[in-house]
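Residue strings, one per chain:
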Amino acid sequence: MTVAIGPPDSADLADAAADWAAAYVHIPFCARLCPYCDFAVVAGRDEATHRYVSALRKEIAMEPEWRPLRAVYVGGGTPSRLVPEQLGSVVGDLESRFGLADGAEVSLEANPEDWNFALADGLRQAGYERVSFGVQSFDPAVLKSLGRVHTPDQAATAVSVARQTGFRSINIDLIFGTPGETNVSWRDTVDRALALEPDHLSLYALTVERGTALSRAISAGAPAPDPDAQADAYETAEALCRTAGLVHYEVSNWARPDHGCVYNLITWAQGEYVAFGIGAHGHRQGIRPRNLRRLDAYLDRVEGGLSAEQGAETLDPWGREVERLLLGLRRIAGVVPGRGGEALLASLRGERLREAGVLGLAAGRMVVLRPLLGDEVGRAVLALQPGER
Amino acid sequence: MNIRNFSIIAHIDHGKSTLADRLLERTGAISAREMREQVLDTMDLERERGITIKAQAVRLVCRAADGQDYVLNLIDTPGHVDFSYEVSRSLAACEGAVLVVDAAQGVQAQTLANAFLAIEAGLEIIPVVNKIDLPAAEPERAAAELASVLGIDPAEVVFVSAKTGGGIDELLERIVRDVPTPLQRPDQPLRALVFDSYYDAYRGVVCYVRVVDGSLNDGDTVLFTATSEKHQATEVGVLTPRAVRVPSLGAGEVGYLITGVKEIDRIRVGDTVSHAGRTVEPLPGYQDPKPMVYSGLFPADGEDFERLREALEKLRLNDSALVYEPETSRALGFGFRCGFLGLLHMEIIRERLEREYDLDLVATAPSVAYRATLTNGFVQEIRSPQDLPGADQIDHMEEPFLKAMIIAPSEYVGTIIELVQTRRGVMEHMQYLSPERVELIYHLPLAEVVFDFFDNLKSRTRGYASLDYEPLDYRVSDLVRVDILLNSQAVDAFSTVIHRDKAYQYGKRMVERLRKLIPRQLFDVPIQAAIGSRVISRETVKATRKDVIAKCYGGDVSRKRKLLERQKEGKKRMKMVGQVEVPQEAFILALQADGDE
Ligand SMILES: Nc1nc2c(ncn2[C@@H]2O[C@H](COP(=O)(O)OP(=O)(O)OP(=O)(O)O)[C@@H](O)[C@H]2O)c(=O)[nH]1
Ligand code: SF4
Ligand SMILES: [Mg+2]
């Protein structure tokens, strides 16, 4: 039984997650690098998977004891490039090190082209019960421009295989607003995703990150994503999801009741998590450590018995309050205003945001009524001074 | 004492300052070690731009062929039309003028303008053709043009190369021979003309004087006739070019006078200095230079207002042509409405304020001064669009006109006439200076000339046309104020007074520019250009629809915060105009002159 019982946008759930503990494990291996990706990833380094898993296990063993985990999230990169034994050993280690809470969510990311019965079944045996597929689109042309290698049919098959092997919760990731994608194509992609009856849907606007191949191509004259087209796509999807009975619970996330993503709920609630692997970020007791981003450096250090931590960020109390708002306001459930929220509501910028219908106050909670304009609110929060009222 | 006082005058860049270098060098005023190109151009901006901005006086001593020593007081003048008042002032302190013409370019507009000034001032003119070393030089042709302008025999023209030094000795001889000895009446009561002044942080105001009658001695108690201020001459001296103290300046001599006065406004350039207690007839003074263009200068950071005030005060100490008065703009806050001699002058002042005083400035659209005759009979000067009363109170308006002189190769006459027509010009006169070159005299509205006329003229004539102008009169004109409204609120910084025929063009251009410069906001922002309540152009900046980071990058939450933090810093440079956030640069970019007409 999952810990995320109830509607995913419930305020109680949103707030409760602040006290939960999670673990994040990063698996950086990918078949090739997608042009828009700026995660800590490596391509063509599959020979290192074995060493990497050992290093992960060592890192877990070095981590001080902690409380039982409500969520384990194995993300990437492409975790599905590893074999179930490897992925299982990591979960096993986490469980024996920290313990798993009753109904803990154990989740991994997978690419459709890797997915098959044997893998799915093995992962189920190893304790995984939630899977998130990087489907991105059902339009072959869009998949191609995103540099993805799977076919729409592979994506559909992957979902049904997961279903048949008993995955309790299935997510589909889609990307919208790729230059060249039409509204018709996007509508079709969403329709086809919804037809697979996923428990959870993540819809991300294609974002041009600095230093990526996509960003270089755009500098060289390739078309950039159009924010207005992305807004159209978002609104289209929002309506389709609503009709399909999916509940919007964060800027980019929708889920059926009882299927809110526990790990994500924890991060948005400013909850705590330990993190392992390259580029992984943890959060405990107000400290946000981050791991080395380069694979070889990571392997060398961990194999040498050293910490993989590259640095850490510690915020002062006001900084944490600002962070709580920045994260919490991404949720449809919003936040309890608190010190920072009160200051925002009292500020001139806060007033303008309310007038413009972007920011609202309902049932004692502060909410972003137009999630697509969330960063306007975010900047207003950052502009607040600690003493400001 | 044998004295010769003369100015070097010419069209811009014809080599005045370089010629002065050679004269300084040849007379040993400056050692080879201290010598550098255009040594009299001492200001940073003069050196960077390679032009003279401020006239410079220097005293040389030379032994002529007759074996006698002569004191030469030379004044190097600026060539740019913005600073022609410096030329007039300098000429008043001299008996002669060395009129220089570039051998490759021949007579140009400022050659003529400056020649007329010298003739009007009754000066002896020594015609010089310079740059004869240039491969493109046509010394004979230049000499012929010069001779015809001055009505002299081409044989009288001196040929020099200020670069190589060729012909300099001959020029010195001609100066000694032709520039009249000043009338020296040492027994008369003192009369000295203040022909320039500058401010020195240590010594206070330093006056450049030309002693006309009597003598000015160290320690004298002097009276500034116009201001009736009495001061002691704490120092008198000559510039060699280094300041050298002397006990006395005699009749006919040029030098400097220091009285310990610290406030430049207490000394008036053009004033007559006499001995206290003696009543003298003041010398003909100068008219204060009249600003041609006005522009509002505002500190980008409102906190810098006081610093801007101090900086303007200091600059004014050495630049009496700069005028300013406080101005308030709803969009830009507190600043100053400043008057300038032209766009170059404006640019120089802005640059000096920004560089020497480390100020970040926003300037409003430059504008000329109009006149409004009100229905109640009052005449009001309109230096800023804000000054303009409501249309119902105005009987009629007038705008300043110029007399403009254009000299160009005759093949370009057609394109020039075309250009001038679009600028509402009226041709007064056209004359062939030679079969190849034409002089055109036009009456033109100042507002059509000061901004980008010259750039257009140059590009139409591949740089071969030259332009000079002088204020003429005010003429009745159909002027309107165009307001630019953001979200229905007028932004005073963008308003302009303009001829009705040009209003639509201005409005459309501003509105289009602003649509590109103003970022999308939470709501649609209409941008309108309007005359009164009549909208003549409009655009809309559509509301932002999407402004959110899609993803929270796994557990890396600080990354999102940093991204927003950076964006927020960008927003700091925004000014609020009503509910609309306008980037600082938008004010600068929207008002920038454009070459795309
Ligand atoms: N070849 C050549 N170049 C010269 C000669 N005299 C001056 N120049 C060059 O012409 C340019 C302008 O010279 P300046 O002496 O600054 O001219 P100016 O008349 O003082 O200019 P403004 O003060 O700006 O009016 C410089 O690049 C000089 O080096 C000359 O006799 N021969
Ligand atoms: S598969 Fe995913 S993690 Fe790997 S490069 Fe592509 S987008 Fe990045
Ligand atoms: Mg010069």
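Model, not experiment: these values are computed from the prediction. Throughout this document, residue positions are counted from 1 along each chain, in the order its sequence is written. Following the order in which they are written, the chains are lettered starting with A and the ligands numbered starting with 1. This being a predicted model, a pLDDT of at least 70 is required before a residue's local features are given, and a value of 80 or more before pairs of side-chain atoms are given or counted; all residues contribute to the totals for chains, interfaces and linings. To obtain the side-chain values, all non-hydrogen atoms of the structure were used and water was disregarded.

Engineer: Would you mind going over the overall build of chain B with me for this structure?
Structural biologist: Numbering goes from the N terminus for both helices and strands, where a helix is a DSSP run of H or I of at least four residues and a strand is a run of E of at least two. If you tally the helices and strands in chain B, you get 14 helices and 33 strands. All radius of gyration figures rest on C-alpha atoms, and the globule criterion is 2.2 Å times the number of residues raised to 0.38. At 27 Å, chain B has a C-alpha radius of gyration in line with the 25 Å of a compact globule built from 597 residues. Across its three principal axes, chain B shows a C-alpha extent of roughly 90 × 65 × 60 Å. In what follows, a contact means two residues having at least one pair of non-hydrogen atoms within 4.5 Å. When contacts within chain B are restricted to residue pairs at least 6 apart in sequence, long-range pairs at least 24 apart make up 68% of them. For chain B, the exposed surface amounts to about 24,800 Å²; the carbon and sulfur share of it is 48%. Only four residue types enter the tally: Lys and Arg on the positive side, Asp and Glu on the negative side, with His and both chain ends excluded. Lys charges are placed at NZ, Arg charges at CZ, Asp charges at CG and Glu charges at CD. Chain B carries 73 positive and 90 negative side-chain charges, and their two centres are separated by 7 Å. Here the Shrake-Rupley method, with its probe set to 1.4 Å, supplies the accessible areas, and only the displayed protein chains count as covering residues.

Engineer: Would you explain the site of ligand 2 in this entry?
Structural biologist: Proximity criterion: a residue is near a molecule or strand once any of its heavy atoms comes within 4 Å of it. The local shell around ligand 2 consists of C30, R32, L33, C34, Y36, C37, V41, G77, T78, N111 and R148 of chain A. Considering only residue class, the shell around ligand 2 consists of 6 nonpolar, 3 polar and 2 charged. For this classification, Asp, Glu, Lys and Arg are treated as charged, while Ala, Val, Leu, Ile, Met, Phe, Trp, Tyr, Cys and Pro are nonpolar and the rest, including Gly, are polar.

Engineer: What is the right way to look at the sheet that holds strand 6 (residues 158-159) of chain B in this model?
Structural biologist: Two orientations exist for strands paired in a sheet by backbone hydrogen bonds: parallel and antiparallel. All names here are of chain B. In short, DSSP must find at least two bridges between two strands for them to pair. Strands sit in the order 2-3-1-4-5-6 across an open sheet of 6 strands; the sheet is mixed. Since the sheet does not close on itself, it has two edges, and those belong to strand 2 (56-63) and strand 6, each with one partner. Summarising the sheet, strand 5 (residues 124-130) and strand 6 pair through 2 bridges and their orientation is parallel. Bridging across to strand 6, V129 finds its partner in F159.

Engineer: Looking at this model, I keep getting lost on the pairing of strand 24 (residues 426-434) of chain B. Mind explaining?
Structural biologist: As a general feature of sheets, a regular strand has side chains that alternate between the two faces. Bridge count for strand 24 of chain B against strand 25 (residues 437-445) of chain B is 7 bridges, and the pairing is antiparallel. Residue pairing for strand 25 of chain B: M427 of chain B is matched across the bridge by Y442 of chain B.

Engineer: Sorry, what's going on with the site of ligand 1 here?
Structural biologist: All names here are of chain B. As a matter of local geometry, ligand 1 sits amid 19 residues, with K16, T18, T52, D133 and A162 nearest to it. Definition of a polar contact: a pair of N or O atoms within 3.5 Å, with one able to donate and the other able to accept a hydrogen when the atoms are protein atoms, and with sequence-neighbouring residues admitted only if both atoms are side-chain atoms. In this structure, H14 approaches ligand 1 through a main-chain N or O atom, which is 3.3 Å from an oxygen atom. Between an oxygen atom of ligand 1 and a main-chain N or O atom of G15, the distance comes to 2.9 Å. Look at ligand 1: alone it shows 650 Å² of surface, and the protein chains cover 85% of it. Among the elements that line the shell around ligand 1, the one with the most residues is helix 1 (residues 16-26), at 3 residues. Grouping the constituent residues of the shell around ligand 1 by class yields 4 nonpolar, 10 polar and 5 charged.

Engineer: What is the right way to look at the domain arrangement of chain A in this model?
Structural biologist: Where the parts come together, the accessible area they lose is often given as the size of the interface. Residue and element names in this part refer to chain A. These domain boundaries are the output of an automatic or database domain assignment. When cut into domains, chain A gives domain 1 (11-268) and domain 2 (317-383). Just the C-alpha atoms count here: the centres of domain 1 and domain 2 sit 27 Å apart. Of the residues lining the interface, 13 residues belong to domain 1; the matching set on domain 2 comes to 10 residues. Defined in terms of a 1.4 Å probe, buried area is the accessible area two parts forfeit on being brought together, summed over both. In this assembly, domain 1 packs against domain 2 so that about 1,100 Å² is buried in total across both faces, 61% of it on carbon and sulfur atoms. Every case where a carboxyl oxygen of Asp or Glu lies within 4 Å of a side-chain nitrogen of Lys or Arg is listed as a salt bridge. One can count 3 salt bridges joining domain 1 with domain 2. When the shortest N-O distance is used, the salt bridge between D15 and R365 registers 2.7 Å. Connecting domain 1 to domain 2 are 5 residue pairs in polar contact (both at pLDDT 80 or more). Grouping the constituent residues of the side of domain 1 that touches domain 2 by class yields 7 nonpolar, 3 polar and 3 charged.

Engineer: Explain unusual backbone geometry to me, please; I cannot follow it from the model alone.
Structural biologist: Glycine aside, the phi torsion of most residues is negative, and most peptide linkages are trans. Geometrically, the link from G76 of chain A to G77 of chain A is a cis peptide bond, its omega value of 15° lying close to zero. Position of G77 of chain A relative to the elements: it lies in the loop between strand 4 (69-76) and helix 3 (84-98). With an omega of 5°, the peptide bond running from T240 of chain B to P241 of chain B counts as cis. Residue placement: P241 of chain B occurs in the loop between strand 12 (235-239) and strand 13 (243-245). Positive phi, close to 70°, is recorded for D13 of chain B, a residue that is not glycine. Positioned with a positive phi, D358 of chain B is a non-glycine residue whose angle comes to about 55°. Classification of residues uses two cut-offs on accessible area relative to the type maximum, computed with a 1.4 Å probe and protein chains only: under 20% is buried, over 50% is exposed, and between them is partly exposed. Overall, the relative accessible area of 59% leaves D358 of chain B in the exposed class.

Engineer: Help me understand the nonpolar core, please; the structure alone is not making it clear to me.
Structural biologist: Nonpolar side chains in soluble globular proteins tend to end up buried together. All names here are of chain A. Within the largest apolar cluster, 73 residues are counted, with the highest numbers of intra-cluster contacts made by L94, W115, F133, F167, L174 and L201. The biggest single contributor to this core is helix 9 (residues 227-243), with 6 residues. When near neighbours in sequence (up to four residues on either side) are disregarded, L174 contacts V135, Q136, S137, F138, W186, T189, V190, A193, L201, S202, L203 and Y204. Grouping buried Ala, Val, Leu, Ile, Met, Phe, Trp, Tyr and Cys residues that are joined through side-chain atoms within 4.5 Å yields what is termed a nonpolar core.

Engineer: Would you explain the coordination of the magnesium ion (ligand 3) in this entry?
Structural biologist: Residue and element names in this part refer to chain B. Distances up to 2.8 Å from the metal define which N, O and S atoms are donors, and 3.2 Å serves for Na, K and Ca; water is absent from the atom set, so sites may look incomplete. Taken together, the protein donors to the magnesium ion (ligand 3) comprise S17 (OG) and T52 (OG1), at separations of 1.9 to 2.0 Å. Of this pair, S17 sits in helix 1 while T52 sits in the loop between helix 2 (44-49) and strand 2, placing them 35 residues apart in sequence. On the basis of relative accessibility, which here comes to 7%, the residue T52 falls in the buried class.

Engineer: Would you explain the interface of chain A and chain B in this entry?
Structural biologist: Each side of the interface is counted separately: chain A has 43 residues, and chain B has 31 residues. Both sides together, the interface formed by chain A and chain B hides about 3,500 Å², and carbon and sulfur atoms give 52% of it. Contact with chain B buries area across many residues of chain A, yet R352, D375 and R379 of chain A alone supply 20% of it, more than any other trio. Counting across the interface, chain A meets chain B through 10 salt bridges. Residues R545 of chain B and E235 of chain A are paired through a salt bridge, measuring 3.1 Å at the closest nitrogen-oxygen approach. Along the contact surface separating chain A from chain B lie 19 residue pairs in polar contact (both at pLDDT 80 or more).

Engineer: Whenever I open this one, the pairing of strand 21 (residues 370-374) of chain B confuses me. Can you help?
Structural biologist: Residues and elements named next belong to chain B. For strand 21, a buried count of 4 out of 5 residues is recorded, marking the element as mostly surrounded by other parts of the structure. Between strand 21 and the antiparallel strand that follows it, strand 22 (residues 379-382), lie 4 residues; G377 among them carries a positive phi value of about 95°. One ladder, built from 4 bridges, connects strand 21 with strand 23 (residues 394-409); its direction is antiparallel. Residue pairing across strands places R371 opposite E398, the latter belonging to strand 23.

Engineer: Sorry if this is basic, but what is going on with a negative patch on the surface here?
Structural biologist: On the surface, D301, E303, D358 and D360 of chain B cluster together into a negatively charged patch. Tracing the chain through its elements places D360 of chain B in the loop between helix 8 (343-356) and strand 20 (361-363). Residues form patches when they are more than 30% accessible in relative terms and have no salt bridge. Like charges link within 9 Å. Nonpolar side chains (Val, Leu, Ile, Met, Phe, Trp, Tyr) link within 5 Å.

Engineer: Help me understand the sheet that holds strand 7 (residues 191-200) of chain B, please; the structure alone is not making it clear to me.
Structural biologist: Residue and element names in this part refer to chain B. What the 8 strands build is an open sheet, ordered 11-10-16-7-8-15-12-13; its pairing is antiparallel. Of all the strands in the sheet, just strand 11 (229-232) and strand 13 have a single pairing partner and so form its edges. Going from strand to strand, the sheet's axes swing by 40° on average, the running direction of each strand aside. Pairing of strand 7 with strand 8 (residues 204-213) involves 9 bridges; the strand directions are antiparallel. Helix axes use the C-alpha atoms of the stretch in contact, all axes being lines fitted to C-alpha atoms, and the angles between their N-to-C directions lie in the range 0 to 180 degrees.

Engineer: Help me understand the pattern of salt bridges, please; the structure alone is not making it clear to me.
Structural biologist: A side chain with one charge can pair with a side chain of the opposite charge if their charged atoms come near. A full pass over the atoms with the stated rule returns 69 salt bridges over all chains. Across the salt bridge formed by E381 of chain B and R383 of chain B, the nearest N and O atoms sit 2.7 Å from each other. Residue classification places R383 of chain B among the partly exposed residues on the basis of a relative accessible area of 22%. D473 of chain B is paired through a salt bridge with R475 of chain B; the nearest N and O atoms lie 3.2 Å apart. What makes R475 of chain B partly exposed here is its relative accessible area of 24%. Ionic contacts of the salt-bridge type, sharing partners, join the residues R288, E313 and E323 of chain A together with R561 and K562 of chain B into one network.

Engineer: What should I look at first to understand the confidence of the model for chain B in this one?
Structural biologist: Note that predicted coordinates carrying low pLDDT should not be read in detail. Looking at chain B as a whole, the pLDDT averages 91, with 98% of positions reaching at least 70. ipTM for the predicted complex: 0.89, alongside a pTM of 0.73. A residue's pLDDT is simply how confident the predictor is in it, with values from 0 to 100.

Engineer: Would you mind going over the side chain of D304 of chain B with me for this structure?
Structural biologist: Mapped onto the elements, D304 of chain B comes out in the loop between strand 17 (293-299) and helix 7 (305-317). In this structure D304 of chain B comes out as buried when scored by relative accessible area, which is 16%.

Engineer: Explain the domain arrangement of chain B here, please?
Structural biologist: Residue and element names in this part refer to chain B. If you check the domain split of chain B, you get domain 1 (3-178), domain 2 (191-275), domain 3 (293-364), domain 4 (371-477) and domain 5 (480-590). The C-alpha centroid of domain 4 is placed 26 Å from the C-alpha centroid of domain 3. Opposite the 6 residues of domain 3 that make contact, domain 4 presents 7 residues. Overall, the association of domain 3 and domain 4 removes approximately 610 Å² of surface from exposure, summing both partners, and the carbon and sulfur fraction of that is 56%. Between R383 and E325 there is a salt bridge, with the nearest N and O atoms lying 3.5 Å from each other.

Engineer: Would you explain the packing of helix 1 of chain B against helix 6 (residues 168-178) of chain B in this entry?
Structural biologist: Each pair of packed helices can be described by the angle between their axes along with the distance between the axes. Residue and element names in this part refer to chain B. Put simply, helix 1 and helix 6 touch, their axes get as near as 10 Å, and they point 85° apart. Comparing their axes, helix 6 and helix 1 come out roughly perpendicular. The segment helix 1 lies against helix 6, with L19, R22, L23 and R26 engaging I168, D169, L171 and L172. Across the contact of helix 1 with helix 6, the residue classes tally to 5 nonpolar, no polar and 3 charged. Note that the term roughly parallel is reserved for angles under 35 degrees, roughly antiparallel for angles over 145, roughly perpendicular for angles of 65 to 115, and oblique for everything else.

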